[in-house]
Amino acid sequence: MKIRDIATAIEEFAPLSLQADFDNSGLVVGRIDDDVHAALLAVDVTEEVIDEAEREGCDIIITHHPIIFTPLKRLNSANYVERCVERAIRSGIALYACHTNLDSAPNGMSWQVGSMIGLDAMSVLEPRKDNPSTGYGVVGVLPRPEEVMSLLGRIKSIFNVGAIRYSDIPKEGMMVRRVAICTGAGRSNIADALAAEADLYITADLRYNDFMLGENRMVLADIGHFESEFCAIRLLNDILSKKLCNFAVRKSQYSRNPIHYLL
């Protein structure tokens, strides 16, 4: 299998044209016409993931987050990014990222989280002006109203969250029916969630003052960046398994959250 075939399969689902201006999705290390034999799927490229790829004979690592966001001025093993890139080149391992294009693709990341929670009638939370079927986040409804703390407890279990940070609850025993979601850092979509009349907004990387923006109408819940995006591995596996049924794909066992919780 050539890298070009793998990139085509992924980009048919999540075109690179959907990525944000700041992003670096696509083939980060490697040559598009190189042959590869097995892929390893992870959230991030780390030294542990490189170790795993070498052990398992995987010559391409496909991640959600690009290992390189800003230009590298040197490669001298000064940090984990440089070390990972150096090792990938020396070991002949290609690195491919599917980041904000996977976030904003139809049935992309937020859709996956919504399905895991059980939302119905989902639609795009922040549609792109040039293509309203794509964009960031989703909003949908639960099959039946659910008490907010019960729902947060269920979400904590589903996504194996160490701790959920959440805002004030407007009223005791509040019931949730309408839920907005943006995987990863979603503070910029708080206003969109309010406009969509969501009872609960699920995202990550909220700042102190962000938790005050629910306007006594909406609960904001920060479930963690990694936790909200771990579903990328399953989503990428589904894409490749359906389009390249004869290509070996392995889900990383060492793709882990860099954040720890003291309970």
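Residues numbered from 1 in each chain as written. Predicted model: local features only at pLDDT ≥ 70, side-chain atom pairs only at ≥ 80, totals over all residues. Heavy atoms only, no water.

Chemist: Explain the pattern of salt bridges to me, please; I cannot follow it from the model alone.
Modeler: Pairing between side chains of opposite charge can happen when their charged atoms approach one another. On inspection of all chains with the given rule, the structure shows 14 salt bridges. The closest approach of N and O atoms between Glu48 and Arg256, which form a salt bridge, is 2.8 Å. Of this pair, Glu48 sits in helix α2 (residues 47–56) while Arg256 is found in the segment after β11 (248–251), placing the two residues 208 residues apart along the sequence. A salt bridge links Arg87 to Asp51; the shortest N-O distance between them is 2.7 Å. With a gap of 36 residues between them, Arg87 in helix α3 (residues 80–91) and Asp51 in helix α2 connect regions that are remote in the sequence. Residue classification places Asp51 among the partly exposed positions, given a relative accessible area of 31%. Ionic contacts of the salt-bridge type, sharing partners, join the residues Asp51, Glu54 and Arg87 into one network. (Salt bridge = Lys/Arg side-chain N within 4 Å of Asp/Glu carboxyl O. Helix = DSSP H or I, 4+ residues; strand = E, 2+ residues; numbered from the N terminus. Buried < 20%, exposed > 50% of the residue type's maximum accessible area, 1.4 Å probe, protein only.)

Chemist: Mind showing me how you'd approach the nonpolar core here?
Modeler: Nonpolar side chains tend toward joint burial in soluble globular proteins. By size, the foremost hydrophobic cluster in this structure holds 53 residues, and its most contacted members are Ile6, Ile60, Ile62, Leu102, Ile117, Ile155 and Leu200. Examining the composition of this core, we find that 7 residues originate from one element, helix α9 (residues 231–243), more than from any other. With residues up to four places along the chain from it excluded, the contact list for Ile155 reads Ile117, Val161, Ile164, Leu200, Ile202 and Ile223. Membership of the second largest hydrophobic core comes to 18 residues, among which are Ala42, Ile50, Ile68 and Ile93. (Core = buried A, V, L, I, M, F, W, Y, C linked by side-chain atoms within 4.5 Å. Contact = heavy atoms within 4.5 Å.)

Chemist: Is there a simple way to think about the sheet that holds strand β2 (residues 38–42) in this case?
Modeler: The strand order β1-β4-β3-β2-β11 describes an open sheet built from 5 strands, whose pairing is mixed. At either margin of the open sheet sits one strand with a lone partner, and together these are β1 (26–29) and β11. On average, adjacent strands in this sheet sit at an angle of 25° to one another, irrespective of strand direction. With 4 bridges joining them, β2 and β11 adopt parallel strand pairing. Bridge pairing links Leu40 to Arg250 in β11. The sheet strands contacting α2 are β2, β3 (60–63) and β11, and the helix crosses β2 at an angle near 155°. (Pairing = 2+ DSSP bridges. Axes fitted to C-alpha atoms, helices over the stretch in contact; angles between N-to-C directions.)

Chemist: Whenever I open this one, the packing of helix α1 (residues 3–13) against α9 confuses me. Can you help?
Modeler: In a pair of packed helices, the angle between the axes and the distance between the axes together describe the arrangement. Relative to each other, α1 and α9 sit at 115°, their axes nearing to 10 Å. Considering the relative orientation of α1 and α9, their crossing is right-handed. Here Ile6, Ala9, Ile10, Glu12 and Phe13 of α1 come into contact with α9, specifically with Leu235, Leu236, Ile239, Leu240 and Lys243. A class-by-class count of the residues in the contact of α1 with α9 yields 8 nonpolar, no polar and 2 charged. (Left-handed = near helix turned anticlockwise from the far one by under 90°. Nonpolar A, V, L, I, M, F, W, Y, C, P; charged D, E, K, R; others polar.)

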